[in-house]
Amino acid sequence: MSPPVLITGGTQRIGLALTEHFLNQSVPVIVTYRRPKSALNTLAQRGATLIQADFTQKSQVERLILQIKSQTSGLRAIIHNASDWASESVDDNDFELIERMMQVHVYAPYRINMALAEQLMPAGDIIHFTDYVQDTGSDKHTAYAASKAALHNLTLSFAKKLAPQVKVNSIAPSLLMFNEKDDLAYRRQADAKHLLSPAPGAYEAVSAVDYLLNSDYITGQTLHLSGGRHLR
Ligand SMILES: NC(=O)C1=CN([C@@H]2O[C@H](COP(=O)(O)OP(=O)(O)OC[C@H]3O[C@@H](n4cnc5c(N)ncnc54)[C@H](OP(=O)(O)O)[C@@H]3O)[C@@H](O)[C@H]2O)C=CC1
Ligand SMILES: Nc1nc2c(c(=O)[nH]1)N=C([C@H](O)[C@@H](O)CO)CN2
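Residues numbered from 1 in each chain as written. Chains lettered and ligands numbered in written order. Predicted model: local features only at pLDDT ≥ 70, side-chain atom pairs only at ≥ 80, totals over all residues. Heavy atoms only, no water.

A word on the overall build of the chain. Along its length, the chain carries seven helices and seven strands. Listing the helices and strands of the chain from first to last along the sequence gives β-α-β-α-β-α-β-α-β-α-β-α-α-β. Taken over C-alpha atoms, the radius of gyration comes to 17 Å for the chain, in line with the 17 Å a tight globule of 232 residues would show. Expressed as a percentage of its 232 residues, the buried residues of the chain come to 51%. Considering only intrachain contacts with a sequence separation of at least 6, the fraction spanning at least 24 residues in the chain is 70%. Accessible surface for the chain amounts to roughly 11,700 Å². Of this, 51% is attributable to carbon and sulfur atoms. Charge separation in the chain, taken as the distance between the mean sites of 22 positive and 22 negative side-chain charges, equals 3 Å. (Helix = DSSP H or I, 4+ residues; strand = E, 2+ residues; numbered from the N terminus. Rg over C-alpha atoms; globule rule 2.2 N^0.38 Å. Buried < 20%, exposed > 50% of the residue type's maximum accessible area, 1.4 Å probe, protein only. Contact = heavy atoms within 4.5 Å. Areas by Shrake-Rupley, 256 points an atom, 1.4 Å probe, with all protein chains shown as cover. Lys, Arg positive; Asp, Glu negative; His and termini not counted. Charge placed at Lys NZ, Arg CZ, Asp CG, Glu CD.)

What follows is the structure, given as structure tokens:
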């Protein structure tokens, strides 16, 4: 049996699609979540190892690492999917916001990679879910975009650090899934931003992950899943 795949934020939306994909292939998964939710019971019944951790809390990241080390001596892949898509708002504490963005999207992935890279040996993958805005910035999600750019820089550094045993890549989606609050006006605006019809669904990300895991020659790269947005 394959060593487990670690998926952070794997109990909803894209992360849940990844978790279910590997379970369907009888690949063991270790899944982190922050908030309890109904999907947890089904995932546990299917054999997923579920670990609660809020990545804004250093102690919980350290506890997660210890729990993973106690659960397994090897990992097939580490998929950093967990993310907090927060925007600037008038009543925000700017320093608190960028600190939180960096904690979730940079500090936690960095520490987890540093602590668990040896578990990926002699061959494995790290995948960072960044964002289209890693290269463009964002006027409405400024701190978020900066943290995703930093996460992509971790891709470049860890690709150098861990080669040739471990491949490290970014997946940079633009709109793959709408959120419940996204109204018709937002959806129409999204259409205008992309050459291809946006929100293809989570399986676009699952296919990209499979492609990277099955590659022997891709590292330090970004797979853009953005519907031609860069050409609009
Ligand atoms: N959906 C899209 O169209 C796009 C997605 N992406 C990226 O793809 C990835 C998946 O996107 P999507 O499925 O929409 O993600 P979600 O917004 O659904 O978030 C994924 C998970 O991140 C977890 N999370 C949030 N904050 C924390 C925290 N402080 N500590 C630990 N976990 C946390 C949540 O856990 P819990 O639910 O338990 O609180 C959640 O389940 C993300 O990295 C996202 O930035 C990029 C561009 C577009
Ligand atoms: N953690 C999340 N990150 C992002 C989300 C999301 O729902 N959760 N959604 C987006 C948008 O789809 C954006 O790409 C639209 O242009 C970005 N990041």
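One side chain can pair with another of opposite charge once the charged atoms of both are near each other. The final tally for this structure, using the stated rule, is seven salt bridges. Linking arginine 100 and aspartate 84 is a salt bridge whose minimum nitrogen-to-oxygen distance equals 2.8 Å. Of the two residues, arginine 100 is situated in helix α4 (residues 94-120) and aspartate 84 in the loop between β4 (77-80) and α4; the sequence distance between them amounts to 16 residues. One salt-bridge network, held together by shared partners, links Arg76, Asp125 and Lys167. (Salt bridge = Lys/Arg side-chain N within 4 Å of Asp/Glu carboxyl O.)

Bringing α4 into the picture now. Over its 27 residues, α4 extends 37 Å from the first C-alpha to the last, a length consistent with the 39 Å expected when each residue adds 1.5 Å. Glutamine 103 marks the point of greatest bend in α4, at about 45°. Where α4 begins, one side-chain oxygen reaches toward the backbone nitrogen of phenylalanine 95, 2.9 Å away; that side chain belongs to asparagine 93. (Expected span 1.5 Å × (residues − 1). Bend = angle between axes of the 7 residues up to and from the residue. Polar contact = N/O pair within 3.5 Å; in protein donor to acceptor, adjacent residues only side chain to side chain.)

Moving on to the site of ligand 1. Around ligand 1, 27 residues are found, and the nearest of them are Gln12, Arg34, Arg35, Lys37 and Leu176. Separating an oxygen atom of ligand 1 from a backbone N or O atom of arginine 34 is a distance of 2.8 Å. One of the side-chain N or O atoms of aspartate 54 is found 3.0 Å from a nitrogen atom in ligand 1. Compared with its free state, where it exposes 890 Å², ligand 1 has 93% of that area covered by protein. Here ligand 1 is seated within the largest pocket. Those elements giving two or more residues to the shell around ligand 1 turn out to be α1 (13-24) and α5 (142-162). For the shell around ligand 1, the residue count by class is twelve nonpolar, seven polar and eight charged. (Near = heavy atom within 4 Å. 1 Å grid on protein atoms, 1.4 Å probe; cavity = no way out; pocket = protein on both sides within 12 Å on 5 of 7 lines; lining within 4 Å. Sits in = over half its atoms within 2 Å of the grid points. Nonpolar A, V, L, I, M, F, W, Y, C, P; charged D, E, K, R; others polar.)

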